[in-house]
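# Architecture and fold: a report
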Amino acid sequence: MVEIHLISDGKQEQERLITLAASVHPLMDYIHLREKHLSARELLSLTERLIGAGIPAGKLIINDRLDVALASGAGGVQLAWHSLPPAAARAAAPGLRLGRSVHSAEEAAEAGEQGADYCLFGHVFATACKQGQQERGLGLLRAAVRSSRIPLIAIGGIEPGNADRIIRQGAAGIAVMSGICSSADPVAAAKAYRAAVQNYSGTAAVNIAESSGGGGEQA
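The paragraphs below set out a description of the structure included in this document. Since the model is a prediction, treat every value here as computed from it, not as a measurement.

Cut-offs applied
Residues numbered from 1 in each chain as written. Predicted model: local features only at pLDDT ≥ 70, side-chain atom pairs only at ≥ 80, totals over all residues. Heavy atoms only, no water. Buried < 20%, exposed > 50% of the residue type's maximum accessible area, 1.4 Å probe, protein only. Helix = DSSP H or I, 4+ residues; strand = E, 2+ residues; numbered from the N terminus. Arc of directions from axis to C-beta. Contact = heavy atoms within 4.5 Å. Lys, Arg positive; Asp, Glu negative; His and termini not counted. Salt bridge = Lys/Arg side-chain N within 4 Å of Asp/Glu carboxyl O. Polar contact = N/O pair within 3.5 Å; in protein donor to acceptor, adjacent residues only side chain to side chain. Axes fitted to C-alpha atoms, helices over the stretch in contact; angles between N-to-C directions. Parallel < 35°, antiparallel > 145°, perpendicular 65-115°, else oblique. Left-handed = near helix turned anticlockwise from the far one by under 90°. Nonpolar A, V, L, I, M, F, W, Y, C, P; charged D, E, K, R; others polar.

## Quick word on helix H5 (residues 105–113)
- Buried within H5 we find Ala105, Ala108, Ala109, Ala111 and Gly112. When H5 is viewed along its axis, its buried side chains cluster within an angular range of 155° and face the same direction. Of the exposed residues in H5, those oriented more than 90 degrees away from the buried face are Glu106 and Glu113.
- Contact partners of the buried residues in H5: strand E5 (97–102), strand E6 (118–122), helix H6 (137–147) and strand E7 (152–155).

## Remarks on unusual backbone geometry
- With an omega of -5°, the peptide bond between Gly122 and His123 qualifies as cis.
- A positive phi angle, near 75°, is found at Asp64, a position not held by glycine.

## Description of the side chain of Lys59
- Structurally, Lys59 can be placed in the loop between helix H2 (40–52) and strand E3 (60–63).
- We note that Lys59 is buried and unpaired, the nearest opposite charge coming from Asp29 at a distance of 6.6 Å.
- For Lys59, the side chain forms a polar contact with the main-chain oxygen of His25, separated by 2.3 Å.
- Beyond its immediate sequence surroundings of up to four residues, Lys59 is in contact with His25, Pro26, Met28, Asp29, Tyr30 and Ile31.

## So, the packing of H5 against H6
- One way to put it is that H5 packs onto H6 with a least axis distance of 8 Å and a crossing angle of 25°. Judged on the interaxial angle alone, H6 and H5 are roughly parallel. The crossing of H5 and H6 is right-handed. Residues Ala105, Ala108 and Ala109 of H5 pack against Ala143, Ala144 and Ser147 of H6.
- Split into classes, the residues belonging to the contact of H5 with H6 amount to five nonpolar, one polar and no charged.

Next up, the structure:
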């Protein structure tokens, strides 16, 4: 099953973010709170409000803040390079789902060795969120998938129309930010992503095998 992760963009008013997240969560596997401008107290309050709005706590992933994830009962934490290393986070929270943000095949391999449950690799395609930064492309994505011993979720410029190109490289899922958060109709956008993923989930294993054998799609 290919996963879809929704990443908050840090630009929404809290009421709109709560409404948006509550409306699309049935179509998402995880929702990441990437609200860097909020204090720990504010982020905890937001997390509790999202849970109160009907979003299962296990679906919520807190960016960087292990303390907030533990205090709120959220499902996991997304570790950046300035965060605790996965081994230290695992020691502090053995039952928490740990994600690690990576940008290369070497970093993807290291994340698994350090005890992360999955890694978030990007940015794959050009995106307004990373203006002026070179996208890593499908070739580097494929190399990261092959190097990783844990599931790899791809992020960056992913749309319903190109999601199949991600899955064909062996990614375990996609992460979306502006494609849903900036949409005039977030529910319709979420449905489009879910349909795109479902269309290719059945052929993912075949595509991975072909890629491993040298017959996969070229970057």
